[in-house]
Amino acid sequence: MEKPSFPGHIAVMGGGSWATALAKLLLQNCETITWYMRRDDRIEEFKRLRHNPAYLTDVDFDIERINFSSDINAVCENADTLLLVMPSPYFTDHMDKITVDISSKAIVSAVKGIVPDTNELITDYMVRRFGVDPARNLVVSGPCHAEEVALDRPSYLTIGCANLEMAEDFAKLIRGKNTHAITSSDVDGIEYAAVLKNVYAIAAGIIHGMKTGDNFGAILISNAIREMERFVDAACPRPRQICDSVYLGDLLVTAYSRFSRNHNFGSMIGRGYSVKAARMEMEQTAEGYYGTKCIHDINQHFNVAMPILDGVYSILYRGVPAYRAMKAMAQNFD
């Protein structure tokens, strides 16, 4: 196997479905990886079964090529690149355990969320908290559900980095027969779009649960992409094509796919579940629940017109009935 050109040995940080899918992609092109999981019992089950016991259980692994560890500091010390794949609500819980110097590491974020409480992008947090060089901060995003990667269906990802050469080097590691990867320097825009598409997927799920029909669903998404563009242009102004797959494509697949946990979360609310009951029913984290509050708070600074975000926020955090919030939202649609 050809030695990858990306900086050194890679550690996958997280044990969920997206981490499992990315580990599968990396092992197509890397001889070995390290894999950090929080629970030793989960690691032992993985080794015994040769697949993740909790997520994407149909994906088998050659475990001899994986160095498992629950010691986050040992992993961080020995790896050259850290691929972060934790849910954003628990991100700082993991980061708070790190006591070793990781400032010289390459950091690849596949979190698709914002740091709670501080409302920071993951890349900004890593620069501030650990002194990581911004040119060694990368993001992975795009319309790519973990479940479809596991099924080896055609998938398209975008690797964002200020250093496009480094982005291309990482892209080579995850490209495969059915996995395509392109590069972009729009790191902040990609991160914000990854959060917003989860918010809009909740809205799409709500109207699906309310059975408002496909016509209204199309209007919602056409307004959502323009709302996304307004916010991202205000938060990080630079040239970008909002119809690129990392923006519009990721929005579409998250809004409509049966694999979308944010859509499914919203659908339960649309069918009459309380927000609390819908959260309890979810087996996995609906990132959009947290992202809605983060973007709502951030937008207090930018004051961008965001009727969809405001509507979802009013449902999730102010207890406004879904039908009332959606009716108010629709009055702002074109």
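Placed above this text is the structure.
Quantities reported herein were computed from a predicted structural model and do not represent experimental measurements.

Caption draft 1: Quick peek at the overall build of the protein chain. A tally of helices and strands in the protein chain yields 15 helices and 10 strands. Since a compact globule built from 334 residues should have a radius of gyration of about 20 Å, the 19 Å found for the protein chain is in line with a globular shape. Relative to its full complement of 334 residues, the protein chain shows a buried share of 56%. Across the protein chain, the fraction of contacts at a sequence separation of at least 24, relative to all contacts at a separation of at least 6, is 70%. Surface summary for the protein chain: the accessible area is close to 14300 Å², and the carbon and sulfur share equals 47%.

Caption draft 2: Local environment of the packing of aromatic side chains. Counted according to the given criterion, the structure contains 14 aromatic pairs. With a centroid separation of 5.1 Å and 70 degrees between ring planes, the pair formed by tryptophan 35 and phenylalanine 46 is classed as edge-to-face. With tryptophan 35 in strand β2 (residues 33-36) and phenylalanine 46 in helix α2 (residues 40-49), this pair connects stretches of sequence that are 11 residues apart. Taking 5.9 Å as the distance between ring centres and 20 degrees as the angle between the ring planes, the aromatic pair formed by tryptophan 35 and phenylalanine 68 counts as stacked. Of this pair, tryptophan 35 sits in strand β2 while phenylalanine 68 sits in strand β3 (residues 66-69); the two residues are 33 residues apart in sequence, bridging distant segments of the chain. Exposure class is identical for tryptophan 35 and phenylalanine 68. Each is buried. Linked through ring pairs, Phe265, Tyr289, Tyr290, Tyr313 and Tyr317 together constitute an aromatic cluster.

Caption draft 3: Here's a closer look at the sheet that holds β3. Strand order in the open sheet formed by eight strands is β3-β2-β1-β4-β5-β8-β9-β10, with mixed pairing between adjacent strands. In this open sheet, the two edge strands, each paired with only one partner strand, are β3 and β10 (179-184). Strand-to-strand twist across the sheet, computed as the mean angle between neighbouring axes with direction ignored, equals 20 degrees. Across three bridges, strand β1 (residues 10-13) lies against β2 in parallel orientation. Along β2, the bridge assignment pairs valine 12 with tryptophan 35. Strands in contact with helix α5 (residues 122-130) are β4 (81-84), β5 (106-109) and β8 (137-141); relative to β8, the strand with the most contacts, it is inclined by about 160 degrees.

The rules behind the values
Residues numbered from 1 in each chain as written. Predicted model: local features only at pLDDT ≥ 70, side-chain atom pairs only at ≥ 80, totals over all residues. Heavy atoms only, no water. Helix = DSSP H or I, 4+ residues; strand = E, 2+ residues; numbered from the N terminus. Rg over C-alpha atoms; globule rule 2.2 N^0.38 Å. Buried < 20%, exposed > 50% of the residue type's maximum accessible area, 1.4 Å probe, protein only. Contact = heavy atoms within 4.5 Å. Areas by Shrake-Rupley, 256 points an atom, 1.4 Å probe, with all protein chains shown as cover. Phe/Tyr/Trp six-rings, centres within 6.5 Å; stacked < 30°, edge-to-face > 60°. Pairing = 2+ DSSP bridges. Axes fitted to C-alpha atoms, helices over the stretch in contact; angles between N-to-C directions.

By themselves, these figures tell us nothing about what the structure is for.
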